[in-house]
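A structural walkthrough
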Amino acid sequence: MTTAASARPPTVHRPGPGARLYGGLILVVAVVLLSAWFAPYPLDRRIAGALLGLYGAILIARPTAWLVLLPALWPVADLAPWGGHIHFTESDALALTTLAALGLREAFAPPPATLAGRAPLKLRAGALGLFGLLALSVALSGLHGLLPLPAADAASLVGYNSTLNALRIGKGFLFAFALIPFLHLAVRRDGEAALDRFGLGLTLGLGTCAAAALWERVAFPGFTNFASDYRTTALFWEMHVGGAALDAWLMLSFPFALLGLRRARGPLARTLTLLIVAIGLYALFTTFSRIVYGALLVMLAVLGLASLGRPTATAGDTPRRHPVRLAALVAALLAGGVLTFPEGGYRALLAFTGTALLAWPAGTALAGMRPARFALGLAGSLVLAVVVAGAALNLPKGVYLGYAGLWASAALALGLRRRGAAIGGAVFVALLGGLAWSTVLVSAFWSEPLRFAGTLGGAVLLIVVLARQALGRTPLWQPRGRDVQGLVTVLAVGGMLVTTLGGYYMGSRLANTAADAGTRFQHTERSLSLMQGGLDALLGIGLGRFPEAYFWHVADPATPGSLSLLGDAGSRYMRLGGPRQPRSIDEVVLLTQRLPMDATTPLHYRFKARSQSDTQLMLAVCRKHLLYAAPCTYSLVPIRGSGEWQQIAGSFAEPLAPPAWPPQITVFTAGLTTATPVDLDDIELIDGQLRPLVSNGDFERGGDFWFFSSDRDHLPWHAKNLFVHAYIEQGTLGGAAVLLLLAAALLHLARRPTRLQPHAPTLLAALAGVTTVGMVDSLLDMPRITVMLLLLLWLGLNLRQPPAR
């Protein structure tokens, strides 16, 4: 029957003159800024122009596509390590192109509305007031940070100690403020469809980010190497001096992927979404960040509580699962994995997971068994275990062959039962029990013959769960086809938890939590000491001024060094400052440039150097992504302290490891391990094919192609707390604005009736997760994170529950 709501014609949202005027103004400003961005762009402008032109044309033709494309491209758009520009990057051009295209359509051909009924977004005075408070803080602290204006020179764009860093930080707020009206208009016009598109964009953004993280893990430490102290960065170049850009992005986007997985229709959509969730989980756990693990628990707890808070099922609906039973099953799976992994490693864990994967669909066959039939099946499982043990003793890899045969037999039996074959529960008890005991044999075969007590405990636990399902008055679970996605997700989360927490590196990080917390508290005290007087307390020290203030005003003996572009007699050179106390080469500021990946040895270098006292310069060519060097060839170059320019030439003695697959990035680095600064100029590097590898070695193009990083020491660049950092740079005004925005959004999304809105739990989980990450990192000093966080905050503050149909 057609309802009144469905028969109602679409509500026509006609843009007023204000929307058209705003679109025209944004168009003009975006085109001017985009032209200014192109002028100094160091990489191929034709390719950049073609890609941005294609993107803009898509948005002009389909304005709603920005809700999908912008979040999808956002985590992988920047190429700062290649081009060397850190203040104005490719993501800026992407945002400006988005604004130009949307402004053009809004000014001259506003998109039509398709919404029937009330929009799920309504402008609230409280949201407008809080964002106005934040905008006022950004304006005042931005002006404070930008003055005095530096000389219009390329030197002001090298490093973070220039007042132009205020523009780098401030642009994240400005882009968000400019995009919010278009986001609001899109939801007002298209309703839930616009929110679904934005959620899809964030899901794809998780996929692109996680794919980059997956490449990095496979290319450098190795896919399953969880013992190395390698921390993934994906394509978030902002992490070259630390920070939690990847952590924050994963928390912002992962809940939307879970929502997409729950809503996916059709095999292809389910498979692709499940793949994104799987590699997203891998990226999440291989951050080896304790706060990310904690934020994941917070996020899942929010989603779980939101699920329990939904209205109960009505007549005719599928009854809801019992949460206590589901929690018990998840706990049993995790406990079994924890018992199995330390002894049997990945092989036994995979065997345990494979058994659990088959036990779920066998739940219907097991339910309601008689004790005698269950005992018969259990006896059969012991017989099958003896058969597998015989295969292990007499055949090469026999234990694996035996397990594979049992697994295939169980899968075949499930398939035949679905087609109507009369296969009783005793057969499944025998097969599943045999797989459980075979997991113990896999562990004993892989490690030591008598070292299987933990794995045996995991197998017994699995047998107990099967017994409870078979003999209990009510079954623990009732398998449905659509539950497979949830089961695979739970198994993936459990597997990643077990393998990462059970690894040496994460174990050592957890053991050092107390000591690291003491270091963070000391750093907070030092950071707060940067506030000088009442004006700083009100407005902060200035947007983007934290790194410079920390360098000059905090007597931290561990400061890793500095970088500055200077001029001398009409020629530019780079001054590389060393650490305040001797440090190892991976603990100092490194001057870097990315080289062709096929660079071959022998490698010869030539450059000019100048120093006021004797020192040594460490040169290296490494297979390296952003922070941690893999295979390297080094050359330790002595520099005489004559105060005069000296010509230096040499070669790297050790051969560079050949490029592996997947491709590994090759990086040239220069660093100092002592405090004496060194001036560098006319840097040349030639490989075995006599190709010049270094671009802009004379620095006449400023910082083009040159980058820098600090692999280990990251404290001098961040306050390491979202609210502390906002207070230091933006004062009480900015700190209060950030705190009130997050608190108000979380409270609004958690209250009735807003929490009944379909997207409310996802938004609440994302904001709760990123706030948890923000307890140990600054976040708002990374513009890409600032933009998406503010867009989600706007949605969280203005979301409303549509009327019931």
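Please refer to the structure placed before this passage.
I will try to describe carefully the structure that is included in this document. (Residues numbered from 1 in each chain as written. Predicted model: local features only at pLDDT ≥ 70, side-chain atom pairs only at ≥ 80, totals over all residues. Heavy atoms only, no water.)

Further remarks concern the overall build of the protein. Scanning the protein from N- to C-terminus turns up 26 helices and 10 strands. At 30 Å, the protein has a C-alpha radius of gyration in line with the 28 Å of a compact globule built from 805 residues. The C-alpha extent of the protein, read off along each of the three principal axes, is 95 × 70 × 50 Å. Across the protein, contacts joining residues at least 24 apart in sequence account for 79% of those joining residues at least 6 apart. Carbon and sulfur atoms form 67% of the exposed surface of the protein, whose accessible area is close to 33600 Å². (Helix = DSSP H or I, 4+ residues; strand = E, 2+ residues; numbered from the N terminus. Rg over C-alpha atoms; globule rule 2.2 N^0.38 Å. Contact = heavy atoms within 4.5 Å. Areas by Shrake-Rupley, 256 points an atom, 1.4 Å probe, with all protein chains shown as cover.)

Across all of its chains, the model carries 24 aromatic pairs by this definition. Between Tyr605 and Phe652, the ring centres sit 5.4 Å apart and the planes meet at 65°, which makes this aromatic pair edge-to-face. Taken as a pair, Tyr605 in strand 4 (residues 604-610) and Phe652 in the loop between strand 7 (646-651) and strand 8 (666-672) lie far apart in primary sequence, 47 residues in all. Judged by its relative accessible area of 9%, Tyr605 falls in the buried class. By relative accessible area, Phe652 is classed as buried at 4%. By the ring-pair criterion, three or more aromatic residues cluster together here, those being Tyr160, Trp237, Phe707 and Phe708. Across the ring face of Phe551, the terminal group of Arg580 is positioned such that the distance to the ring centre comes to 5.2 Å. Note that Lys608 overlies the ring of Trp645, its terminal NZ or CZ placed 5.4 Å from the centroid. (Phe/Tyr/Trp six-rings, centres within 6.5 Å; stacked < 30°, edge-to-face > 60°. Buried < 20%, exposed > 50% of the residue type's maximum accessible area, 1.4 Å probe, protein only. Lys NZ or Arg CZ within 6 Å of the ring centre and 35° of its normal.)

Taken together, 5 strands build an open sheet; the order of strands is 1-2-9-4-7 and the sheet is antiparallel. Each edge of the open sheet carries a strand with a single partner, namely strand 1 (562-568) and strand 7. Here the strands of the sheet are splayed against their neighbours by 35° on average, with no regard to which way each runs. Note that strand 4 and strand 7 share 6 bridges and pair antiparallel. Each residue of the ladder has a partner; that of Arg606, found in strand 7, is Ala649. (Pairing = 2+ DSSP bridges. Axes fitted to C-alpha atoms, helices over the stretch in contact; angles between N-to-C directions.)

Moving on: the nonpolar core. Core analysis: the largest hydrophobic core is formed by 169 residues, its most contacted members being Trp66, Phe607, Leu685 and Leu792. Once you skip the residues sitting within four places of it in the chain, Phe607 turns out to touch Leu617, Leu619, Val637, Ile639, Gln646, Gln647, Ile648, Leu680, Asp681, Asp682 and Ile683. In terms of nonpolar packing, the next biggest core, distinct from the first, is built from 35 residues, Phe374, Ala410, Phe428 and Leu462 among them. (Core = buried A, V, L, I, M, F, W, Y, C linked by side-chain atoms within 4.5 Å.)

Turning to the side chain of Ser137, a few remarks are in order. Mapped onto the elements, Ser137 comes out in helix 7 (residues 125-146). Residue Ser137 is classed as buried on the basis of its relative accessible area, which comes to 1%. Apart from residues lying up to four places away in sequence, Ser137 is in contact with Gly142, Gln730, Leu733 and Gly734.

This part takes up the packing of helix 15 (residues 371-394) against helix 16 (residues 398-418). Contact pair helix 15 / helix 16: the axes reach a minimum separation of 7 Å and the direction vectors enclose 145°. Where helix 15 crosses over helix 16, the handedness of that crossing is right-handed. Between helix 15 and helix 16, the residues in contact are Leu384, Val388, Ala391 and Ala392 and Gly398, Val399, Gly402, Tyr403 and Leu406, respectively. Of the residues assigned to the contact of helix 15 with helix 16, the class counts are 7 nonpolar, 2 polar and no charged. (Left-handed = near helix turned anticlockwise from the far one by under 90°. Nonpolar A, V, L, I, M, F, W, Y, C, P; charged D, E, K, R; others polar.)

Okay, the environment of Val554 next. By the secondary structure assignment, Val554 is in the loop between helix 23 (546-553) and strand 1. Taking the C-alpha atoms as reference points, Val554 and Pro716, separated by 162 residues in sequence, lie 9.0 Å from one another. What Val554 contacts, discounting residues up to four positions off in sequence, is Arg526, Ser529, Leu530, Ala549 and Arg580.

Before going further, it helps to spend a moment on the pairing of strand 10 (residues 707-710). Residues Phe707 and Ser709 of strand 10 are buried on one face, and the alternating residues Phe708 and Ser710, pointing to the opposite face, are buried as well. The pairing of strand 3 (residues 589-595) with strand 10 spans 4 bridges and is classified as antiparallel. Among the inter-strand pairings, Thr592 is bridged to a residue of strand 10, identified as Phe707.

The omega torsion of the bond from Leu147 to Pro148 falls at -5°, within 30 degrees of zero and hence cis. Within the secondary structure layout, Pro148 lies in the loop between helix 7 and helix 8 (165-190). Phi angles above zero are rare outside glycine, and Asn696 is one such case at about 55°. For Asn696, the location among the structural elements is in the loop between strand 9 (678-686) and strand 10. On the basis of relative accessibility, which here comes to 10%, the residue Asn696 falls in the buried class.

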